[in-house]
Amino acid sequence: MERAVSTWTSDRFGPVAVLTFTREPGNFMDFSSMVQLGSLLEDLARQTDQVKVVMLASGLDDRFIDHAELSDLARAGAGRASEEELGSWSRALRLLEEIPQPTIAAVDGLASGGGNEIALACTLRVASPRSRFQQPEVAVGIIPGGGGSVRLPRLIGPSRAAEAILTGRLVFAEEALRVGWVNTLLTGTDFPQEALRWVEAIAGNSAPALHAAKHSVVAGSRLPFGDAIATERRLFGELTAGNEALTSGS
């Protein structure tokens, strides 16, 4: 696979790492960029002492991340994509879910197809009032291929998710907030700064607690109830053992 110029920038704001995607003209997500994202996330996962939260953002106006690059899908369908390329989506989305740090999608504009699936793989989603969300794959004779038909029903319920996927319609910000597609709408005039402040409030908490809480939530969504409870109890016990804040009563 040819290595393209990096479409991601990585910036650090105290304990918050911000990964910004810019690929003109429409922020379509290609295989190379997904490989890059996976590598960045693996690197950040090793920096738990320095990085508490990871935020994904866009460098283009009115776009978060649009659908996957169609030429890549055509190459994959014709058997001309490498193993690294074919595995790039599942690798990056798994890392968004499973790295120790909470991952947050800051959506200011369109998150469609693969772009929405990337947002769904994050721990949380914040959005601006002009944001739109969509899984439009049925219109071109396919279905979501990055977990959209699996993660979205678990997030907003099977019936709502099925309607959004079967129609492929745009879901606007207010509806997305109402059904739980996003966690909050940030209505200030400077969305990037407001999103960063929102994330920094989370990053002000204990890193081990943040990591354990994310682990417990992800495990709880996958494991049988009894196993999930056992995981939570184990993590709780690890954090409470020798916790000076608890023993001092502060």
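See the structure shown above.
Residues numbered from 1 in each chain as written. Predicted model: local features only at pLDDT ≥ 70, side-chain atom pairs only at ≥ 80, totals over all residues. Heavy atoms only, no water.

Caption draft 1: The sheet that holds strand S8 (residues 132–134), seen in detail. Strand order across the open sheet formed by four strands is S4-S6-S8-S9, with mixed pairing between neighbours. One side of each edge strand has no neighbouring strand; the edge strands of this open sheet are strand S4 (63–65) and strand S9 (171–172). By the bridge criterion, two bridges tie S8 to S9 in an arrangement that is antiparallel. Looking at S9, one finds that Arg132 is bridged to Phe172. (Pairing = 2+ DSSP bridges. Helix = DSSP H or I, 4+ residues; strand = E, 2+ residues; numbered from the N terminus.)

Caption draft 2: Highlighting the packing of aromatic side chains. The full count for this structure, using the stated rule, is two aromatic pairs. The interplanar angle of 40 degrees and the centroid separation of 5.0 Å between the aromatic rings of Trp8 and Phe21 together place this pair among those described as tilted. You can see Trp8 sitting in strand S1 (residues 8–13) and its partner Phe21 sitting in strand S2 (residues 16–21), a full 13 residues away along the chain. Taken together, a centroid distance of 5.9 Å and an interplanar angle of 40 degrees make the contact between Phe133 and Trp181 tilted. (Phe/Tyr/Trp six-rings, centres within 6.5 Å; stacked < 30°, edge-to-face > 60°.)

Caption draft 3: Quick peek at the pattern of salt bridges. Under the defined criterion, the tally for this structure stands at 18 salt bridges. One salt bridge in this structure joins Glu69 and Arg23, with 2.9 Å as the shortest N-O distance. Residue Glu69 is found in the loop between S4 and helix H2 (70–77), and its partner Arg23 is found in the loop between S2 and helix H1 (31–45); the two are separated by 46 residues along the sequence. Arg130 is the partner of Asp62 in a salt bridge, and the nearest nitrogen-oxygen pair spans 3.9 Å. One end of the pair, Asp62, is in the loop between strand S3 (53–58) and S4; the other, Arg130, is in the loop between strand S7 (124–127) and S8, and 68 residues separate them in sequence. Judged by relative accessible area, Arg130 falls into the partly exposed class, the value being 35%. One continuous salt-bridge network, built from bridges that share partners, spans Asp61, Asp62, Asp108, Arg130 and Arg132. (Salt bridge = Lys/Arg side-chain N within 4 Å of Asp/Glu carboxyl O. Buried < 20%, exposed > 50% of the residue type's maximum accessible area, 1.4 Å probe, protein only.)

Caption draft 4: Structural detail: the packing of helix H3 (residues 83–98) against helix H9 (residues 207–222). Two elements in contact, H3 and H9, have axes whose closest approach is 9 Å; the angle formed by their N-to-C orientations is 120 degrees. Considering the angle they form, H3 stands oblique to H9. The segment H3 lies against H9, with Leu96, Glu97 and Glu98 engaging Lys214, Val218 and Arg222. For the contact of H3 with H9, a count of residues per class yields two nonpolar, no polar and four charged. (Axes fitted to C-alpha atoms, helices over the stretch in contact; angles between N-to-C directions. Parallel < 35°, antiparallel > 145°, perpendicular 65-115°, else oblique. Contact = heavy atoms within 4.5 Å. Nonpolar A, V, L, I, M, F, W, Y, C, P; charged D, E, K, R; others polar.)

Caption draft 5: Up close: the side chain of Ser131. Looking at where Ser131 falls in the secondary structure, it is placed in the loop between S7 and S8. Here Val107 takes part through its backbone oxygen, which lies 2.7 Å from a polar atom of the side chain of Ser131. Sequence-distant contacts of Ser131, defined by excluding residues within four places in its chain, comprise Val107, Asp108, Gly109, Val171, Phe172 and Ala173. (Polar contact = N/O pair within 3.5 Å; in protein donor to acceptor, adjacent residues only side chain to side chain.)

All we've got here are geometric facts, nothing functional implied.
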